[in-house]
Amino acid sequence: MVSTNSSGAAPSVVSGNWQTNKRLATVWDRGVKSRPVAMVYGAVVFATDNRKMYRHMASAVALPEGTSVLDIPSGGGVVFLGLRPGKPLRYVAADISDLMLDRARAEADRRGLDFVEFEKADATELPFKDEEFDVVVSYSGLHCVPDPEAAVREWSRVLKPGGAVKGSVVVRGASFLPDRFINLWVKLRILDVVTPVEEVRRWFRDAGLRVVRTETSGAVLYFELEKPKDRKA
Ligand SMILES: C[S@@+](CC[C@H](N)C(=O)[O-])C[C@H]1O[C@@H](n2cnc3c(N)ncnc32)[C@H](O)[C@@H]1O
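Residues numbered from 1 in each chain as written. Predicted model: local features only at pLDDT ≥ 70, side-chain atom pairs only at ≥ 80, totals over all residues. Heavy atoms only, no water.

Trainee: A description of the site of the ligand should follow, citing residues and the corresponding values.
Mentor: For the ligand, the set of nearby residues contains 19 residues, the closest of which are Ser15, Trp28, Pro73, Asp95 and Tyr139. Interatomic distance of 2.7 Å between a backbone N/O atom of Pro73 and a nitrogen atom of the ligand. Relative to its free-state accessible area of 600 Å², the ligand is covered by the protein chains to the extent of 99%. Of all the elements in the fold, those that place two or more residues in the shell around the ligand are helix H1 (13–20) and helix H2 (22–32). (Near = heavy atom within 4 Å. Polar contact = N/O pair within 3.5 Å; in protein donor to acceptor, adjacent residues only side chain to side chain. Areas by Shrake-Rupley, 256 points an atom, 1.4 Å probe, with all protein chains shown as cover. Helix = DSSP H or I, 4+ residues; strand = E, 2+ residues; numbered from the N terminus.)

Here's what the structure looks like:
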């Protein structure tokens, strides 16, 4: 099965791969949750320091009581590493892949995170209301969807005015070796649309999201965005 889109857009082969390729789902999720593996993978493939990824994720979910959070795509729940049992957040983990959502459910169980909700969702057409969330977190996901610009517009739509986005995306143009790996990963249908940083910034701007801070580490762009208070969905 591949992902489909009610607007009639062509189904995404890459999203479909994440839905059906159990080996890909397992290897990614185990790797990203193992710091030594993630450090080596990040350094070799994307010339990045993945310690930044764990720090960024932890800061993204260090939030006041009652905050509503959408984690899209949640994958197997690596961001849960920063959550605590009994934490009074509304936390929705969404992903297009049942393989990943099953892994995320198991991760939440292991950690006693009974407040986490799970939703099967296409990042480019989210099944959530306008202005439903205070915070969107999105790590290592935009480069896996067929229309990342639509995904960014969806973050903006589901965020309350004044809401925040934190996440990361792989970008082209960092250096020779990461660009070669990006080409290979695209060919292997692991990554979909990967662009230079300027293009990603344009998606944010066009979606009405203000850039609070960005930081690059090798081929990974970390971002913190805000939906201005005066902007409606
Ligand atoms: C590289 S993983 C990252 C997952 C997680 N954020 C992490 O850091 O481990 C990419 C994820 O994007 C999901 N994905 C791919 N296409 C998608 C789509 N169109 N909508 C929602 N999720 C999608 C995959 O199922 C996979 O879980």
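Trainee: I'd like a description of helix H7 (residues 176–187), backed by residues and values.
Mentor: Relative to the 16 Å expected for 12 residues at 1.5 Å per residue, H7 spans 17 Å between its end C-alpha atoms, a close match to the ideal helical length. Looking at the packing, one finds that the buried side of H7 touches helix H3 (35–46) and strand S5 (159–170). Arg189 occupies a position one or two residues after H7 and carries a positive phi of about 65 degrees. (Expected span 1.5 Å × (residues − 1). Contact = heavy atoms within 4.5 Å.)

Trainee: Residue-level account of the UniProt feature "domain: Methyltransferase type" (unreviewed entry) in the protein chain, with values.
Mentor: Those places that UniProt annotates as "domain: Methyltransferase type" (unreviewed entry) correspond, in this numbering, to residues 70–164. Secondary structure within residues 70–164 divides into 26% helix and 26% strand; the distance between the first and last C-alpha atoms comes to 11 Å. (UniProt positions renumbered as here; feature names shortened; annotations may be inferred.)

Trainee: Quick rundown of the packing of aromatic side chains? Include the residues and the values.
Mentor: Per the counting criterion, the structure on display carries 10 aromatic pairs. With a centroid separation of 6.4 Å and 85 degrees between ring planes, the pair formed by Trp18 and Trp28 is classed as edge-to-face. Remark: Trp28 occurs in helix H2 and Trp18 occurs in helix H1; sequence separation between them is 10 residues. Residue Trp18 is classed as buried on the basis of its relative accessible area, which comes to 11%. On the accessibility criterion, Trp28 (29% relative accessible area) is partly exposed. On the basis of an interplanar angle of 90 degrees and a centroid distance of 5.8 Å, the ring pair of Tyr41 and Phe46 is categorised as edge-to-face. (Phe/Tyr/Trp six-rings, centres within 6.5 Å; stacked < 30°, edge-to-face > 60°. Buried < 20%, exposed > 50% of the residue type's maximum accessible area, 1.4 Å probe, protein only.)

Trainee: Tell me what's going on with the packing of helix H6 (residues 148–158) against helix H8 (residues 197–206), and back it up with residues and numbers.
Mentor: Put simply, H6 and H8 touch, their axes get as near as 9 Å, and they point 40 degrees apart. Considering their axes alone, H6 and H8 lie oblique with respect to each other. Handedness of the crossing formed by H6 with H8: right-handed. The segment H6 lies against H8, with Pro148, Glu149, Val152 and Trp155 engaging Arg202, Trp203, Phe204 and Asp206. In terms of residue class, the contact of H6 with H8 is made up of five nonpolar, no polar and three charged. (Axes fitted to C-alpha atoms, helices over the stretch in contact; angles between N-to-C directions. Parallel < 35°, antiparallel > 145°, perpendicular 65-115°, else oblique. Left-handed = near helix turned anticlockwise from the far one by under 90°. Nonpolar A, V, L, I, M, F, W, Y, C, P; charged D, E, K, R; others polar.)

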